[in-house]
Amino acid sequence: MYLSERIAGSHSPTLMDSPLLLLVSVLALASLMQQGEARAFFVFGDSLVDSGNNNYLVTSARADSPPYGIDYPTHRATGRFSNGLNIPDIISEAIGEEPTLPYLSPELTGERLLVGANFASAGIGILNDTGIQFLNIIRIFQQIRYFQQYQARVSDLIGPEQTQQLVNRALVLITLGGNDFVNNYYLVPFSARSRQFSLPDYVRYLITEYRKILMSLYEVGARRVLVTGTGPLGCVPSELAQRGRNGDCAPELQEAAGLFNPQLENMLSELNSEYGADVFIAANTRLMQSDFVRNPGAYGFVTSKVACCGQGPYNGLGLCTVLSNLCPNRDIYAFWDAFHPSERANRLIVQQILRGNTDYMKPMNLSTILAIDAQTNT
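Quick summary incoming for the structure in this document. (Residues numbered from 1 in each chain as written. Predicted model: local features only at pLDDT ≥ 70, side-chain atom pairs only at ≥ 80, totals over all residues. Heavy atoms only, no water.)

Further remarks concern empty space enclosed by the protein. Scanning the model with the defined rule gives six cavities of 30 Å³ or more in all. Approximately 90 Å³ is the volume found for the largest cavity. As for the largest cavity, its lining consists of 13 residues, of which Leu48, Ile87, Thr175, Thr228 and Thr285 are closest to the centre. Counting only elements with at least two residues in the lining of the largest cavity, the list comes to strand E3 (171-175), helix H11 (285-294) and helix H12 (343-355). Partitioning the lining of the largest cavity into residue classes produces six nonpolar, seven polar and no charged. (1 Å grid on protein atoms, 1.4 Å probe; cavity = no way out; pocket = protein on both sides within 12 Å on 5 of 7 lines; lining within 4 Å. Points joined across faces, edges and corners; volume = space filled by probe spheres on them. Helix = DSSP H or I, 4+ residues; strand = E, 2+ residues; numbered from the N terminus. Nonpolar A, V, L, I, M, F, W, Y, C, P; charged D, E, K, R; others polar.)

Shown next as structure tokens:
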């Protein structure tokens, strides 16, 4: 719904009913953005960062029913693949902004557009054939097209010049890659992609395709992009249940993550050299998660093997539903479901994104980025 439609369709007297008050409010927010006191935030990627876009799609990749959201402020399932907040929510919280709404949400109108938007969709990957079993999901280049549509909508609000400034100064997060292994290459024995490529060749192919995606993001205005790697893919409860032996991480998925993440970092460094700026920031989420996967007790977890919600070995089989086993205290579990970290684990990841050294964040962490950009934009 566009702003004009919202005003035309509203019947209760609110701030939105006064075009003059709305214009003043929007201009004030635009002025704040010029001064560097507010910053839009855009999110692209898969279920690790989806805040509810898939709720509006006919897809099996959904998290819109209990017990998802059990620890969310509303205690309701929102479409986040978490017991509570996900990584984008916690980043928004850390930078003092309200969470970005899913782009498909009818609530994303008017002033809320200026906060940013979340375009992520559970199940997608770098490749278009990743996640085909989930049917209708928002593949990455469609997410980028939605980002262009978003910019047109904001331009109607604050004008093209202000919109370009908002986008160029925004913080962007993108999370891709895990599904290209879990829900493509290793989805079934002798998958089409595993017959087409050896693992090293497949990783190189993914990196080449990811490079095109990131260049497209740059072309549509993104200038500060946090790019997360994959986690320790073989150590999630699903892989422990299906491929691991005696509780050990599945070696083939660990090998995949071990090949993918360093090549991703190198590719980001090469792009930054080409653009002559630190546009792309590599977040080593594999190391961030490996810290508490290897030594859960040091981080206050009782286990990093068993999911809080699920069934079967390690609660790693099937979906998290009202019929699943459910732990009473989510804060002491590193994994919420078969694939996704708990809110508390997400908070540990974001701590490293904010303050981690160059083992975790290259070439700099988010706190440094915010400090540099605050000086540049004043």
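A few words now on the pairing of E3. Within E3, five of the five residues are buried, leaving the element largely enclosed by the surrounding structure. The two faces of E3 match: Leu171, Leu173 and Thr175 on one face and Val172 and Ile174 on the other face are all buried. In this structure, strand E1 (residues 41-45) lies alongside E3, joined through five bridges in parallel fashion. Bridged to valine 43 within E3 is leucine 173. Of the pairings in the sheet, the one linking E3 to strand E4 (residues 225-228) comprises four bridges and is parallel in character. Each bridged residue has a counterpart across the sheet, and for isoleucine 174 the counterpart in E4 is valine 227. (Buried < 20%, exposed > 50% of the residue type's maximum accessible area, 1.4 Å probe, protein only. Pairing = 2+ DSSP bridges.)

We now examine the sheet that holds E4. Taking strand neighbours across the sheet as the criterion, the six strands line up as E2-E1-E3-E4-E5-E8 in an open arrangement whose pairing is mixed. Two strands bound the open sheet, and with one partner strand each, they are strand E2 (116-118) and strand E8 (361-362).

What follows concerns the nonpolar core. Nonpolar side chains tend toward joint burial in soluble globular proteins. By size, the foremost hydrophobic cluster in this structure holds 70 residues, and its most contacted members are Phe42, Tyr150, Ile174, Phe181, Tyr210 and Leu214. In terms of residue count, helix H8 (residues 199-219) provides more of this core than any other element does, ten residues in total. Residues contacting tyrosine 210, with those up to four places away along its chain left out, are Ile126, Ile174, Thr175, Leu176, Val227, Phe260, Leu264 and Met267. (Core = buried A, V, L, I, M, F, W, Y, C linked by side-chain atoms within 4.5 Å. Contact = heavy atoms within 4.5 Å.)

Looking now at unusual backbone geometry. Of note, the bond from proline 66 into proline 67 is cis; its omega dihedral lies within 30 degrees of zero at 5°. Counting through the fold element by element, proline 67 comes out in the loop between E1 and helix H3 (87-94). Of note, the amide linkage connecting lysine 362 to proline 363 takes the cis form, showing an omega dihedral of 0°. In the Ramachandran plot, histidine 75 falls in the positive-phi region, its phi being about 60° despite a non-glycine side chain. Mapping histidine 75 onto the fold places it in the loop between E1 and H3. Of note, the phi angle at asparagine 246 is positive, near 55°, even though the residue is not glycine. As for its placement among the helices and strands, asparagine 246 is situated in the loop between helix H9 (237-242) and helix H10 (251-275).

What follows covers the pattern of salt bridges. Counted under the stated rule, the structure contains 17 salt bridges. In this structure, arginine 330 and aspartate 71 form a salt bridge, with 2.8 Å as the shortest nitrogen-oxygen distance. With arginine 330 in the loop between strand E7 (325-326) and H12 and aspartate 71 in the loop between E1 and H3, the pair connects residues that are 259 residues apart, well separated along the chain. For the salt bridge of glutamate 209 with lysine 212, the shortest nitrogen-to-oxygen distance reads 2.9 Å. (Salt bridge = Lys/Arg side-chain N within 4 Å of Asp/Glu carboxyl O.)

Let us look at the packing of H11 against H12. Relative to each other, H11 and H12 sit at 130°, their axes nearing to 10 Å. The angle between H11 and H12 places the two elements in the oblique class. As for how H11 packs across H12, the hand of that crossing is right-handed. For the pair H11 and H12, contact is made by Thr285, Met288, Gln289, Asp291 and Phe292 and by Ala345, Leu348, Ile349, Gln352 and Ile353, respectively. Looking at the contact of H11 with H12 residue by residue, the classes come out as six nonpolar, three polar and one charged. (Axes fitted to C-alpha atoms, helices over the stretch in contact; angles between N-to-C directions. Parallel < 35°, antiparallel > 145°, perpendicular 65-115°, else oblique. Left-handed = near helix turned anticlockwise from the far one by under 90°.)

To describe a pair of aromatic rings, one takes the distance between the centres and the angle between the planes. A full pass over the atoms with the stated rule returns 22 aromatic pairs. Ring plane angle 75° and centroid distance 5.4 Å describe the contact between phenylalanine 44 and phenylalanine 147, whose orientation is recorded as edge-to-face. Taken together, the positions of phenylalanine 44 in strand E1 and phenylalanine 147 in helix H4 (residues 140-158) put the pair 103 residues apart, joining distant regions of the chain. Take phenylalanine 44 and phenylalanine 147: they sit in the same class, and that class is buried. An aromatic cluster is built from Phe42, Phe44, Tyr103, Phe119, Tyr146, Phe147 and Tyr150, whose rings are joined through pairwise contacts. Lying over the aromatic face of tyrosine 218, arginine 223 brings its terminal NZ or CZ to 3.7 Å of the ring centre. A cation over a ring is seen here: arginine 344 above phenylalanine 301, with NZ or CZ 4.8 Å from the ring centre. (Phe/Tyr/Trp six-rings, centres within 6.5 Å; stacked < 30°, edge-to-face > 60°. Lys NZ or Arg CZ within 6 Å of the ring centre and 35° of its normal.)

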